Amino acid sequence: MLRFLLKRGPVKRLLRGVPLVALLSAAEVATIAKDHLAKLDPSERRRLVALLARARGRPASLSKPEREDLSALVAKLEPRMFVGSAADRLSPMPVPKRLLYGPRRKAAVADERG
């Protein structure tokens, strides 16, 4: 079925200049992004979009409470985990855990030692 679609019709014209690997990679990243956006409830997603629209790419244009709110919402999305998950999914080699979870903190290491 896929072979038929790739050889005929509008799909062939669409994919003529697009590498299939790049298209599949973009779909993987979009799936990971959807999973991370699902961590916010609908009201938080609306608030995030409203803050981003108001900031227009410049967080300094927001008031201090709005910047804190934006920071909290972005932190809830776990951007480090998002980038690490995308790299892990697309990389042929395993990704180090520190990329996903960050470096070990010295305080945490000191607490473990007693």
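Data block above holds the structure.
Residues numbered from 1 in each chain as written. Predicted model: local features only at pLDDT ≥ 70, side-chain atom pairs only at ≥ 80, totals over all residues. Heavy atoms only, no water.

Peer 1: When you look at the overall build of the protein in this model, what are you seeing that I'm missing?
Peer 2: Counting its secondary structure elements, the protein contains 8 helices and 0 strands. Split into buried and exposed, the 114 residues of the protein put 17% on the buried side. Sequence separation of 24 or more characterises 41% of the internal contacts of the protein that already satisfy a separation of 6 or more. Here the protein has roughly 9,100 Å² of accessible surface; of this, 62% comes from carbon and sulfur atoms. (Helix = DSSP H or I, 4+ residues; strand = E, 2+ residues; numbered from the N terminus. Buried < 20%, exposed > 50% of the residue type's maximum accessible area, 1.4 Å probe, protein only. Contact = heavy atoms within 4.5 Å. Areas by Shrake-Rupley, 256 points an atom, 1.4 Å probe, with all protein chains shown as cover.)

Peer 1: Explanation requested: the packing of helix α4 (residues 42–55) against helix α5 (residues 64–76) in the structure shown.
Peer 2: In helix packing, the relevant descriptors are the interaxial angle and the interaxial distance, both defined with respect to the helix axes. Where α4 contacts α5, the two axes come as close as 10 Å, and the packing angle between them is 125°. Taken together, α4 and α5 sit at an angle that is classed as oblique. The hand of the α4/α5 crossing is left-handed. Packed against α4, whose contacting residues are Glu44, Arg47, Leu48, Leu51, Leu52 and Arg54, the element α5 presents Glu66, Asp69, Leu70, Leu73, Val74 and Lys76 at the interface. Classifying every residue of the contact of α4 with α5 by side-chain character gives 6 nonpolar, no polar and 6 charged. (Axes fitted to C-alpha atoms, helices over the stretch in contact; angles between N-to-C directions. Parallel < 35°, antiparallel > 145°, perpendicular 65-115°, else oblique. Left-handed = near helix turned anticlockwise from the far one by under 90°. Nonpolar A, V, L, I, M, F, W, Y, C, P; charged D, E, K, R; others polar.)

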